[in-house]
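# Residue-level structure breakdown
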Amino acid sequence: MRLSDICEKLARDYVGEDREISGFQAIQDASSEHIVYLENEKFLNVFKNTKAGAAIVLEKHREFVPENCSIIISQNPHLDMALLSELFAAKIIGSTSKPPQIDSSAIIMPNAYVGNGAVIKANVTVMAGAYIGENVVVEEGTIIYPNAVVYNNCVIGKKCHLLANCVIGSDGFGYAHTKEGVHVKIYHLGNVILEDDVEIGACTTIDRAVFGSTVIKKGTKIDNLVQIGHNCELGEHCIIVSQTGLAGSSILGRNVVMGGQSATGGHIKIGDFTTIGGRGGVSKNIDGGKVYAGFPLMLHKDWLKMQMKLLSFFKEKKI
Amino acid sequence: MRLSDICEKLARDYVGEDREISGFQAIQDASSEHIVYLENEKFLNVFKNTKAGAAIVLEKHREFVPENCSIIISQNPHLDMALLSELFAAKIIGSTSKPPQIDSSAIIMPNAYVGNGAVIKANVTVMAGAYIGENVVVEEGTIIYPNAVVYNNCVIGKKCHLLANCVIGSDGFGYAHTKEGVHVKIYHLGNVILEDDVEIGACTTIDRAVFGSTVIKKGTKIDNLVQIGHNCELGEHCIIVSQTGLAGSSILGRNVVMGGQSATGGHIKIGDFTTIGGRGGVSKNIDGGKVYAGFPLMLHKDWLKMQMKLLSFFKEKKI
Amino acid sequence: MRLSDICEKLARDYVGEDREISGFQAIQDASSEHIVYLENEKFLNVFKNTKAGAAIVLEKHREFVPENCSIIISQNPHLDMALLSELFAAKIIGSTSKPPQIDSSAIIMPNAYVGNGAVIKANVTVMAGAYIGENVVVEEGTIIYPNAVVYNNCVIGKKCHLLANCVIGSDGFGYAHTKEGVHVKIYHLGNVILEDDVEIGACTTIDRAVFGSTVIKKGTKIDNLVQIGHNCELGEHCIIVSQTGLAGSSILGRNVVMGGQSATGGHIKIGDFTTIGGRGGVSKNIDGGKVYAGFPLMLHKDWLKMQMKLLSFFKEKKI
């Protein structure tokens, strides 16, 4: 789509060269065919060096736009991005007419759906009622259980188990907001990548990235009814127990254990070999190698002591 | 069904005119074809003016039954209602022989099911494996993702997104209880109404009303793995983050935000423009316009201070 | 499979007679065709009397192996069990060629799948998109709602309601761990048994047992989005409210009520007629007949008082 057409949709002008734009991209990953937006000043340093072909920015950030990058001035770049995201969203059906490529050793049960462009490799089993979207790749030996859903463009590694009714790659929960309090949907243009030997529990949901990928690394095991937000990255060999919720862009190191019903806030980093006890709520970055609990989070041993102290104070009627 | 037949099923007598009864209804919404029940005295004033054709009441409430309303005296009106609810429940299949009416511009993918009496309007997409029950209406431009389920008689507005494996309109979790501790299922006779521009996350469940409707108003966005109980009403432009649970009959105003893993108790009202932080537990009615957190709930700023104070007291060994 | 073949897979030797082994079994339930493993010394007394044909044990436990039981010495019996579990796992498809046996009064809707060896009795309804695995038995009058999934070998009682998108019998979340932090999947060889009059909510997940059965007894009602771990046993007429999570091997008595978003740790026993309030976290065995709340758990009345005291202390600036 031409930059001039994009600007017509937004009813905005642009400064610089008109050019072909293929879609949105994260600031650091963009090339000349991409458009980016800037609103959060924390990305200003990265933005100054973006290779993007066009940028939507506030008037006050105009001076930071690199040479050769066309400029759209906006009073709400995030909202404009949301409004444009629908234009660049992958078509949910009909994105390709290439028939799926299914290895002769794979088992596709009745009532399973495999979309165009999908690649199903050797010894894969797709059970009844499962949905494999367009252009999905499923590597050797993976089992997709009944009624599991994998949205378009996701990548599933070798020997994974996707248990019944899990959902891989649905749109993340992201909106831009108008002054009137209306929420404008951000179509999520990225995907989900599961590496090898990953297990996804029944009715667990893993959202696709806004741009780029939500990534679950090799050997990580996720229990039932877990929510993994858009753009999360889970390291190798993590254990995520049932009903845990990871907010968008949570980054977990390797061998992180999240106990049942635990949670993270958004944009949190958890170091390697960390254990979060059941119900632990992680709202700040934490170093690796320790055991935490509580909400607010503290060392597990402190949480235990503090709860015991509180209870004995209460019984002694000091509180 | 004749009132006399109903009484035969319950092995009870009635006082007043025998008449045709089409089903149960809420006390304030009933007309002469409906039967109602009274057990909670908080509804006594409304009950005195009901237009219902028949009422199941305790002996002590006989005097409050309006003229022209036939009377069934019961020692347990709630239990009798539950026992009768099965008789009046909509048939899950076979309620109509009218074929579904599907606009020519709509896309119905393979293995999707559209029940009799359903109306699928222009530019709707029903993806593979989705289930659209009998008499459901889906308005223009809505997308029903793979394996999503919409039970009978629900109404879905324009441009909604129902993500994969969500469930709209399953029976609420309501039972009457015998003296012996047996739970008697209350068949839910109402439905779910989603207004326009509503988004429902993957594996989210929204229960149908006992009588009347569970309602999600225009522009409200609900994340993955959320539970919305029977007879809830969510105002316009609410944001309900993942793994939140709203108990039955929760009433939310407009632009209410519920953080991740938050919850309400039953029959709670939350005012417009309220924000509940992650894990907040709402057990009383709250006014609008403020930010709350904690369980028990308090102002978010108080919760933060209190948690910090507790932690510093613990570190100073005062507790 | 011959014991000698099993040992070849593990690259281990055995002592005693070579014999035919049909699979793993719990120590107390094993007979001569079974192999067992011992790692936790708490089972030592039971182990001394096992009837198993073979046992995987640590060198130091060799002396406790009963006569007539062949011995495999291992440095990690639990890990060896996990490695072997895949060999003994039921085939997900193709375990039998016997066609399903469906009563003529049963309704099987389009796109439903009923596996070989399954038995569907009178007046059962299997709605569109539901999956009934091989050798499943569904007793009279039960309704399986759209897209619900029942894995192989599970047993569903009379007049049960399995609401849309629930999952019965998926593999429990159990792994053995190598020294390098890799998690080795334990294939779950047991099943799930639902007795009569059980209701399972939408998107609720009930895991199959490692060995033996996960059991939900007569009349128990489970709400939406609940997780029931492997080998749990729920007594008659329990009420489990939405988003509750029961960890593996939780044992609940009869008429236990678990409030919304409550939880148990693993291997917990809860006595008859206990009520756990919303968000209650049960980490120790508790007696029956009382009402509890909080995490750590305490009597509900104490939890209420303690929270009120804390709040008033905070307001008086004592903390």
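These numbers were taken from a predicted model, which means no experiment stands behind them.

Time to look at the domain arrangement of chain A. All names here are of chain A. We note that the domain assignment places domain 1 (3-88) and domain 2 (101-300) within chain A. Summarising the inter-unit geometry, the C-alpha centres of domain 1 and domain 2 are found 29 Å apart. Listed as interface residues are 12 residues of domain 1 and, on the opposing side, 11 residues of domain 2. For the domain 1 and domain 2 pair, buried surface summed over both sides reaches about 970 Å², with 75% attributable to carbon and sulfur atoms. Of all residues in domain 1, the largest losses of buried area upon contact with domain 2 belong to Leu 79, Ala 82 and Ser 85, amounting jointly to 36% of the total for that side. For the interface between domain 1 and domain 2, the tally reads 2 residue pairs in polar contact (both at pLDDT 80 or more). Broken down by element, the side of domain 1 that touches domain 2 gets its largest block of residues, 8 residues, from helix 3 (residues 77-88). Looking at the side of domain 1 that touches domain 2, its residues break down into 7 nonpolar, 4 polar and 1 charged.

Moving on, we get to the interface of chain B and chain A. Counting residues at the interface gives 43 residues for chain B and 48 residues for chain A. Between chain B and chain A, roughly 3500 Å² of surface is buried when both sides are summed, and carbon and sulfur atoms account for 67% of that area. Seen at the junction of chain B and chain A, the total is 1 salt bridge. Two residues, Lys 185 of chain A and Glu 199 of chain B, come together in a salt bridge whose shortest N-O distance is 2.9 Å.

A word on the relation of the copies chain B and chain C. One copy of the chain maps onto the second through a rotation around an axis plus a translation along that axis. Superposing chain B onto chain C takes a rotation of 120 degrees combined with a translation of 0.0 Å along the rotation axis, leaving an RMSD of 0.0 Å. Here the copies are linked by what is in effect a three-fold axis. Little of the interface of chain B is mirrored in chain C, where only 19% of its interface residues again form contacts.

Once that is clear, we can look at the sheet that holds strand 13 (residues 149-150) of chain A. All names here are of chain A. Taken together, the 9 strands give an open sheet; going across it, the order is 7-10-13-16-21-24-27-30-33, and neighbouring strands pair in parallel fashion. Each having just a single partner strand, strand 7 (113-114) and strand 33 (281-282) make up the two edges of the open sheet. Bridge analysis of strand 27 (residues 245-246) against strand 30 (residues 263-264) gives 2 bridges, and the strand direction is parallel. Bridging across to strand 30, Leu 246 finds its partner in Thr 264.

Taken together, the contacts link 48 residues of chain B with 43 residues of chain C. Across the chain B to chain C interface the summed buried area is about 3500 Å²; carbon plus sulfur atoms make up 67%. Between chain B and chain C we count 1 salt bridge in total. Across the contact surface, chain B and chain C share 22 residue pairs in polar contact (both at pLDDT 80 or more). Elements that contribute at least two residues to the side of chain B that touches chain C include exactly strand 16 (167-170), strand 18 (183-185), strand 21 (205-207) and helix 4 (300-315) of chain B. Of all the elements, helix 4 of chain B adds the most residues to the side of chain B that touches chain C, at 6 residues.

Parameters and conventions
- Every chain begins its residue count from 1, and numbering advances along the sequence as written.
- All chains are assigned letters beginning with A, and all ligands numbers beginning with 1, in the order in which they are written.
- Note on the predicted model: pLDDT of at least 70 is required for a residue's local features to be given, and 80 or more for side-chain atom pairs to be given and counted; whole-chain, interface and lining totals, by contrast, use all residues.
- The basis for the side-chain values is all heavy atoms of the structure; hydrogens and waters are excluded.
- Where a domain begins and ends is set by an automatic assignment or by a domain database.
- Throughout, a contact is declared for two residues whenever any of their heavy atoms are within 4.5 Å.
- Once two parts are put together, the accessible area they lose, assessed with a 1.4 Å probe and summed over both, is termed the buried area.
- By the criterion applied in these results, polar contacts are pairs of N or O atoms within 3.5 Å in which, for protein atoms, one can donate a hydrogen and the other can accept it, and in which residues neighboring in sequence qualify only through two side-chain atoms.
- Going along the chain from the N terminus, every DSSP run of H or I of four or more residues is numbered as a helix, and every run of E of two or more is numbered as a strand.
- We call Asp, Glu, Lys and Arg charged. Ala, Val, Leu, Ile, Met, Phe, Trp, Tyr, Cys and Pro are nonpolar, and the rest, Gly among them, are polar.
- Counted as salt bridges are all cases of a side-chain nitrogen of Lys or Arg within 4 Å of a carboxyl oxygen of Asp or Glu.
- When the copies are superposed, the least-squares fit takes in the C-alpha atoms of residues with a pLDDT of at least 70 in both.
- Strands pair, by our definition, only if DSSP identifies at least two bridges between them.

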